[in-house]
Amino acid sequence: MDLVVPIKRLDRAKSRLRGAVPAYEHADLVLALLLDTVTAAAQADGVRRILVVCEDERIPAALAGTGVECVDKRGLPGLNAALAFGAAYLRGPNDTVGAEHPRTPNGTVGALQADLPALRPADLSAAIEEAAGRRAYCADRPGTGTTLLLAAPGEPLHPRFGRRSADAHVASGAVRVGGSLASLRCDVDTESDLAVAAEIGLGKFTLARTTAASGG
Ligand SMILES: Nc1nc2c(ncn2[C@@H]2O[C@H](COP(=O)(O)OP(=O)(O)OP(=O)(O)O)[C@@H](O)[C@H]2O)c(=O)[nH]1
Ligand SMILES: C=C(OP(=O)(O)O)C(=O)O
């Protein structure tokens, strides 16, 4: 399974979270959410490659040496376009990684949101296992959005993220998985989401920022 993780310019992403941790630049907090997400995802069984599709030069620099791949692609018309670009990149001739990661035109691709700072590798593994090769999605905590979309092997990703994406993914033939996987469902859009993620257990990058900000 190869996963695409999309993220906007750091100063424009996660606008609803702006000011949640006043001691830090907004961009630093957004980057910390991404780093915790991809660090956990990279440890999940069943995950082979992770490709971050970004539009910010700070992200390739932050990911250098981690094994998480990154492509800085600006000007795409939104989240679903960024995901489709990433899925095509993983399968297509733009592969820059060479023999270590051969092209996999029939491989399995998925999309993971960039704002899952409490993600546990075992929860992502469990969702992939539950999907068992079917097109599948995991809903966010309210149940209306999507945190993870998995294509069936060799099939296109056909991402339908955005408002009420859970319904859109069902309509596109995806089965729901991961209903009890709290760390996979906990996307962080607002300050109160961040508090829930802290109860589950934040990854070290986000924890460092939130702890320092509260004087700890
Ligand atoms: N690379 C890329 N990522 C995108 C694009 N649009 C959205 N994303 C990312 O996709 C994820 C979900 O996007 P949104 O739901 O719009 O979230 P957001 O804009 O970061 O947050 P809000 O401003 O609070 O709505 C976030 O990680 C975004 O940074 C895009 O055009 N290109
Ligand atoms: C884009 C989505 O989510 P959010 O707005 O929470 O990032 C989604 O759930 O499809």
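The notes below deal with the structure included here. Fair warning: this is a prediction, and the values are worked out from it, not measured in the lab.

**What to know about the site of ligand 1**
Link 1 in the chain: For ligand 1, the set of nearby residues contains 15 residues, the closest of which are K8, K14, S15, R16 and V53.
Link 2 in the chain: R16 places a side-chain nitrogen or oxygen 2.9 Å from an oxygen atom of ligand 1.
Link 3 in the chain: At 3.4 Å, a backbone N or O of L79 approaches a nitrogen atom of ligand 1.
Link 4 in the chain: About the coverage of ligand 1: the protein hides 84% of its 610 Å² of free accessible area.
Link 5 in the chain: Of the residues assigned to the shell around ligand 1, the class counts are eight nonpolar, three polar and four charged.

**Concerning the nonpolar core**
Nonpolar side chains tend to gather and get buried jointly when the protein is soluble and globular.
Link 1 in the chain: Residues V52, L124 and L184 are the most contacted members of the largest nonpolar core, which totals 37 residues.
Link 2 in the chain: For this core, the secondary structure elements donating two or more residues are strand 1 (2-6), helix 1 (26-42), strand 2 (49-54), helix 2 (58-63), helix 4 (121-131), strand 5 (136-139) and strand 6 (146-150).
Link 3 in the chain: It is helix 1 that contributes the most residues to this core, eight residues altogether.
Link 4 in the chain: Those residues in contact with L124 that lie beyond four places of it in its chain are L3, A41, A44, V47, L119, L148 and L184.
Link 5 in the chain: Residues A82, A139, A151 and A174 belong to the second largest nonpolar core, which totals 19 residues.

**A closer look at the packing of aromatic side chains**
Link 1 in the chain: Scanning all chains against the criterion turns up one aromatic pair.
Link 2 in the chain: Between F85 and Y89, the aromatic rings sit 6.2 Å apart at their centres with planes inclined by 40 degrees, giving tilted as the arrangement. Note that F85 and Y89 are positioned in helix 3 (residues 79-91) at a spacing of four residues, about one turn of the helix.

What counts as what
- All residue numbers refer to positions counted from 1 along the written sequence of the respective chain.
- Chain labels run from A onward and ligand labels from 1 onward, assigned in the order the entries are written.
- With pLDDT at 70 or above as the cut-off, local features in this predicted model cover only qualifying residues; side-chain atom pairs require 80 or more to be listed or tallied, and sums for whole chains, interfaces and linings still use all residues.
- Excluded from the side-chain calculations are hydrogens and water; all other atoms, namely the structure's heavy atoms, are used.
- Consider each residue's heavy atoms; a residue with any of them within 4 Å of a molecule or strand counts as near.
- Two N or O atoms count as a polar contact when they lie within 3.5 Å, although within protein this holds only if one can serve as hydrogen donor and the other as acceptor, and sequence-adjacent residues are included solely when both atoms are side-chain atoms.
- Surface exposure here means Shrake-Rupley accessible area, sampled with a 1.4 Å probe, where a residue is shielded only by the protein chains that are shown.
- Polar here means any residue other than Ala, Val, Leu, Ile, Met, Phe, Trp, Tyr, Cys and Pro, which are nonpolar, and Asp, Glu, Lys and Arg, which are charged; Gly is therefore polar.
- We define the nonpolar core as a collection of buried residues of types Ala, Val, Leu, Ile, Met, Phe, Trp, Tyr and Cys that are connected through side-chain atoms lying within 4.5 Å of one another.
- Only protein chains enter the area calculation, which uses a 1.4 Å probe; residues under 20% of their type maximum are buried, those over 50% are exposed, and those in between are partly exposed.
- The way it works is that DSSP assigns letters per residue, a run of H or I at least four long becomes a helix, a run of E at least two long becomes a strand, and they are numbered from the N terminus.
- Residue contacts follow a heavy-atom distance rule, with two residues in contact if any of their heavy atoms lie within 4.5 Å.
- Classification of ring pairs rests on two measures: the distance between centres of Phe, Tyr or Trp rings, Trp counted by its six-membered ring, which must be within 6.5 Å, and the angle between planes, read as stacked under 30 degrees, edge-to-face over 60 and tilted in between.

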